[in-house]
Amino acid sequence: MSELENKLNRRNFLRITALTGGGLILGFNSLSASSPEQEQSFDLNAFIKIDAKGKVTIMSPNPEIGQGVKTSLPILIAEELDVDWKNVQIQQAGLDTVKYKRQIAGGSGSVRASWDSFRQVGATARQMLISAAAATWAVPAAECTTENGMVLHSGKKISYGELVEKASKLEVPKDVKVKPKETFKLIGQRIKNVDNHAIVTGQYKYGIDTKREGMLYATIIRPPAFGMTLTSFDDTEAKKAPGVKQVLRFENKIAVLGRTTWEVMQGAKKVKAQWKEEGPLESTADYIKNLHALLATSPVDKPRRKDGDITAAFSGAAKVVEVNFDAPFLAHNTMEPMNFFAHVKADSAELYGPIQTPERARSRVAEILNIPQDKVSVMMTRMGGGFGRRLMTDFVEEAAMVSKLAGNLPVNVIWSREHDMGGGYYRPMYSYKYRAAVDKDNKLIAWHHYSAGVGGSASPDSFPAGAVPNLQVDTHVYKSPVTTAPWRGPTHNFIAFSEQSFMDQIAHDMGKDPVTLRLELLELAKSSPVGKVNYEPDRFAAVIKKAAEIGGWGKSKGANIFLGFAAHFSFESYVAQVAEVEKLADGKVKLKKVYCVVDCGTVVNQSGAETQVEGSIIDGIGHAMFAEITLTKGKPDQTNFSTYRMIRLNEIPEIEIHFSKSNVAPTGLGEPALPPAGAALANAVYAATGVRLTSQPFIKSDLFA
Amino acid sequence: MKINVNSTDYTLDVPDNTTLLDALRVHLNLTGSKYGCGEGACGACKVLIDGHAVPSCITLVASVQNKAILTIEGLEKDGKLHPMQQAFLDADAFQCAYCSSGMIMAAIALKARNPKPSRQEIVEAMQGNICRCCVYPRIINAITHG
């Protein structure tokens, strides 16, 4: 373990610092050897700034990719601090692994990881302000209350701003109680995105908008196909192009630097590069053939999960159900293409831009530049989307390399859409084989999931694991030059489609209602669990029942209306959905509505939560319906929005959302509503047409109006 | 080359093949209009030219010299937001919000030619703008009220 990691892993503690201008900062700094008595038992990471005039600033340490954490995390602090939200300023914090923890946008984990610690930050600061007021008035602290940035006692009140200097000299209290849920004023309300005004006026600066004195823009020429490398290039004409300042080779790429993005992109077209094939260049058809060939062989690796004995169960089965599924590569397609600002100096580096994993970016750049991590600063801008693409750090590393090679100049490396879609990372391509065995008593006795993927695998504990006596999950990974990355709802995004479609098929083959089958299995997972059960059967069953209720499951909605059901557990949250399709006179189907029930524990921001769920459903439907990256000899066939179809306004269904009332801590919400959406639609299509959709995009099926 | 942006005249010394988007973003530092695709397919760069919503990434600056160009930065007047900006705020119609500026400009153009669009008219008119986060239901809501 590195020295830095050691430092980060030490217990953190709360520290008070009096600001020069009179103010209170509650921060979380690593333990200093000289003051061990100040050690706190909680690991907190946010900080609050209150100035003498009472202005409250709350730092938001996590990267904002559109998931709303710059609003929802400060809500947790403001709730406990008891300040008027309208008067709170929110500031994005840069990477600081001493003050903060888990500065990551990923795994639907920001609120989950901060729920306790951020409220504790607010409550602790409030307690200190109360103590300062109590001392001022010579009254017991327990008799004081707070409201909207004021401490109150028997008709008297005093503002936080007036108390802050005194409060900053007090000892930090330990284990301060947080508010009971019934007294929440902010948590659970509809609170708007804190950057809204700057956004609607066009003032908000994204990474791609970064401009500095002396900065050059850079574009990068990348291999035209996965599996090709650069042999040589001629930049004579490019260097004469207007605005072009430098042409540099690094690794397997060429950077063109100049005055404007347009000029460098034009200049790049004049570079004559020679490429060679490293090995055979593969196409989509090759991948499908190879993945299917893998699934035709017996699994070689140790199963990812093995309950009971599937071989015996299948041999004694009364009925076997088998369905295979195929998933294409998908691009992340953040609206803001990859970009990053870097200014590498002799012994330090400044990095500035859109990144979901700033800590990993710092570590990678420090390694590449061979400088200590504490000489690398990272500031995160609000991102024009992430979807997992910005968990990768390749574009940050490139910017640092280009800055260094250009002679330590400040650079902003901007990817064109074609580079972003054609030369980046993709959601893995999968082929899944599912088999299920039903016994003579019409009971589901075995389940086998066999997965092969280019860069991906399976999610071994996914339901119905825990409810089936004989269950096995096997995986193969097919190695290829295509780079893959997590994509919103990693693995779940296709597991939920395939497993929930397969569940639907099993129910039909058993002659059982699909909702009833799921509820029966959950009952088994509760009464006689098999192996590890990572979900709570009762919570899972509750969302399923509620979705069936609001979606009108089992009720006639007209001769041409058909319903499909899907439910999936991911990122600790439970989601059930009913898709409603209409069968038109020509036999084609049209998606009308999606009903969705979510149990994500306590909802922190109702407005943010609803838009995450709505967006996830439409995103899930859109990608299942329309999207794919195909390759011809290693070269992506889709490199821009004219060929890669994204769902648009005229294609969205109506959506009705219900959040389960809950007293438990919040769970993930940026991803969980996406995975089941494709299955709910596919199951409705099956109900309407009898056709089982087994591959995406669905639009290739010709079933849709 | 002379252009009029947000009621201000600018003189630009740029090559003839410069796009309006680059002129705005790089030369005039008006970065509210966003680059998304460079082929007029996503709508993130839309601005109004004589009241029509046009993708500035495929519009040459030379072609709009005698026209009134309005960008997101020019909507607020005397500290008061344009009703469409206010409607997007009221609907909280944002996630990553990278598409918002193009959405708002396209919506203003729609409302100018059809002050009371139906839901169907809104979704048809707004097909040229992609929201990758799929905040679409709120965008429809905002445009209905904007």
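Calculation criteria
- Throughout this document, residue positions are counted from 1 along each chain, in the order its sequence is written.
- Both sets of labels track the order of writing: A upward for chains, 1 upward for ligands.
- Note on the predicted model: pLDDT of at least 70 is required for a residue's local features to be given, and 80 or more for side-chain atom pairs to be given and counted; whole-chain, interface and lining totals, by contrast, use all residues.
- Hydrogens and water molecules were not included; the side-chain quantities draw on all heavy atoms of the structure.
- Starting at the N terminus, helices and strands are each numbered in turn, a helix being any DSSP run of H or I of at least four residues and a strand any DSSP run of E of at least two.
- Burial classes follow relative accessibility: with a 1.4 Å probe on protein chains only, a residue under 20% of its type's maximum area counts as buried, one over 50% as exposed, and anything between as partly exposed.
- Note on contacts: a residue pair is in contact if any heavy atoms of the two residues lie within 4.5 Å.
- Only when DSSP finds a minimum of two bridges between them are two strands counted as paired.
- Axis definition: a line fit to C-alpha positions, over the contact stretch in the case of helices; interaxial angles, taken between N-to-C directions, run 0 to 180 degrees.
- As used here, buried area is the combined drop in accessible area, with a 1.4 Å probe, of two parts when they are placed together.
- Each salt bridge in this description consists of a side-chain nitrogen of Lys or Arg and a carboxyl oxygen of Asp or Glu lying within 4 Å of one another.
- For this analysis, a polar contact is any N or O atom pair within 3.5 Å, provided that within protein one partner can donate a hydrogen and the other can accept it, and provided that sequence-adjacent residues contribute only side-chain to side-chain pairs.
- Polar here means any residue outside two lists: the nonpolar Ala, Val, Leu, Ile, Met, Phe, Trp, Tyr, Cys and Pro, and the charged Asp, Glu, Lys and Arg; Gly therefore counts as polar.
- Note on ring pairs: Phe, Tyr and Trp rings are taken, using the six-membered ring of Trp, and paired if centres are within 6.5 Å. Classes follow the plane angle, with under 30 degrees stacked, over 60 edge-to-face and the rest tilted.
- For a Lys NZ or an Arg CZ to count as sitting over a ring, it must be within 6 Å of the ring centre and within 35 degrees of the ring normal.
- Domain start and end points were adopted from an automatic or database domain assignment.

Novice: Teacher, can you tell me more about the environment of His 292 of chain A here?
Specialist: Residue and element names in this part refer to chain A. Among the secondary structure elements, His 292 is positioned in helix 8 (residues 284–295). Judged by relative accessible area, which is 37%, His 292 ranks as partly exposed. The spacing of His 292 and Ala 452 is 160 residues in sequence and 7.9 Å in space, taken between C-alpha atoms. When neighbours within four sequence positions are excluded, His 292 is seen to be in contact with Asp 326 and Ser 431.

Novice: Quick question: what am I supposed to make of the sheet that holds strand 1 (residues 2–5) of chain B here?
Specialist: Two pairing modes exist for strands in a sheet, parallel and antiparallel, and in both the strands are linked by backbone hydrogen bonds. Residue and element names in this part refer to chain B. Taken in spatial order, the 5 strands make up an open sheet running 2-1-5-3-4, and their pairing is mixed. At either margin of the open sheet sits one strand with a lone partner, and together these are strand 2 (8–11) and strand 4 (52–55). The average angle at which neighbouring strand axes cross in this sheet is 40 degrees, direction not considered. Sheet topology places strand 3 (residues 46–49) next to strand 5 (residues 68–70); 2 bridges connect them, and they run antiparallel. Residue pairing in the sheet places Leu 48 in a bridge with Leu 70 of strand 5. Strands in contact with helix 3 (residues 100–113) are strand 3, strand 4 and strand 5; relative to strand 3, the strand with the most contacts, it is inclined by about 35 degrees.

Novice: So what exactly am I meant to see when it comes to the interface of chain A and chain B here?
Specialist: Accessible area lost on assembly of the parts is the figure often given for the size of an interface. Taken together, the contact pairs 59 residues of chain A with 50 residues of chain B. Buried area between chain A and chain B, both sides added, is near 4600 Å², and the carbon and sulfur share of it is 56%. Ranking the residues of chain A by area buried against chain B places Val 200, Met 335 and Leu 649 of chain A at the top, with a combined share of 18%. Joining chain A to chain B, the criterion identifies 4 salt bridges. A salt bridge links Arg 132 of chain B to Asp 619 of chain A, with the shortest nitrogen-to-oxygen separation between them at 3.0 Å. Our count for the chain A to chain B interface comes out at 33 residue pairs in polar contact (both at pLDDT 80 or more). Put simply, the parts of the chain that give the side of chain A that touches chain B at least two residues each are helix 5 (196–200), helix 7 (261–269), helix 12 (417–422) and helix 16 (606–626) of chain A. The leading source of residues in the side of chain A that touches chain B is helix 16 of chain A, at 9 residues. Taken together, the residues of the side of chain A that touches chain B break down into 21 nonpolar, 23 polar and 15 charged.

Novice: Could you clarify how one ought to interpret the packing of aromatic side chains in this entry?
Specialist: By convention here, two paired aromatic rings are described through the distance between centres and the angle between planes. Residues and elements named next belong to chain A. Enumeration according to the criterion identifies 29 aromatic pairs over all chains in this entry. Ring centres of Tyr 204 and Tyr 206 lie 5.5 Å apart, and the angle between their planes is 75 degrees; this geometry places the pair in the edge-to-face category. Tyr 206 shares its class with Tyr 204; the two are buried. A centroid spacing of 5.7 Å and a plane angle of 70 degrees characterise the contact between Phe 226 and Tyr 426, whose relative ring orientation is edge-to-face. Remark: Tyr 426 occurs in strand 21 (residues 426–427) and Phe 226 occurs in the loop between strand 9 (216–221) and strand 10 (228–234); sequence separation between them is 200 residues. The same class applies to Phe 226 and to Tyr 426, which are both buried. Members of the aromatic cluster, joined through ring pairs, are Phe 325, Tyr 430, Tyr 432, Tyr 434, Trp 447, Phe 494, Phe 497, Phe 502, Phe 698 and Phe 704. Sitting above the plane of the Phe 341 ring, Arg 212 keeps its charged end 4.4 Å from the centroid. Taking the ring centre of Trp 415 as reference, the NZ or CZ of Arg 222 above it sits at 3.4 Å.

Novice: Is there a simple way to explain the domain arrangement of chain A in this structure?
Specialist: Residues and elements named next belong to chain A. Structurally, chain A comprises domain 1 (10–179), domain 2 (207–278 + 338–414) and domain 3 (461–701). Using C-alpha coordinates to define each centre, domain 2 is positioned 38 Å away from domain 3. Counting residues at the interface gives 9 residues for domain 2 and 13 residues for domain 3. Summed over both partners, the interface of domain 2 with domain 3 comes to about 780 Å²; 71% of that surface belongs to carbon and sulfur atoms. Scanning the region where domain 2 abuts domain 3 turns up 0 salt bridges. There are 2 residue pairs in polar contact (both at pLDDT 80 or more) connecting domain 2 and domain 3. Its residues assigned to classes, the side of domain 2 that touches domain 3 comprises 6 nonpolar, 2 polar and 1 charged.

Novice: I tried to follow the pattern of salt bridges on my own but got confused; where do I start?
Specialist: Here the idea is simple: oppositely charged side chains can pair when their charged atoms come close. All names here are of chain A. Taken as a whole, this structure holds 45 salt bridges over all chains when the rule is applied. With a closest N to O distance of 3.1 Å, Asp 116 and Arg 119 form a salt bridge. Separated by 3 residues within a single helix, Asp 116 and Arg 119 lie in helix 3 (residues 110–137), roughly one turn from each other. For Asp 116, a relative accessible area of 53% puts it in the exposed group.

Novice: Help me out: how do you make sense of the sheet that holds strand 15 (residues 319–327) of chain A in this one?
Specialist: Residue and element names in this part refer to chain A. With mixed pairing, the 5 strands of this open sheet are ordered in space as 14-24-23-22-15. Only two strands of the sheet have a single partner each, and these edge strands are strand 14 (305–307) and strand 15. Mean inter-strand twist for the sheet, computed between neighbouring axes without regard to direction, equals 10 degrees. In this structure, strand 22 (residues 429–438) lies alongside strand 23 (residues 444–454), joined through 10 bridges in antiparallel fashion. The residue of strand 23 that forms the bridge with Met 429 is Val 454. Sitting on the sheet, helix 8 touches strand 15, strand 22, strand 23 and strand 24 (470–478), and the angle it makes with strand 22 is about 30 degrees.

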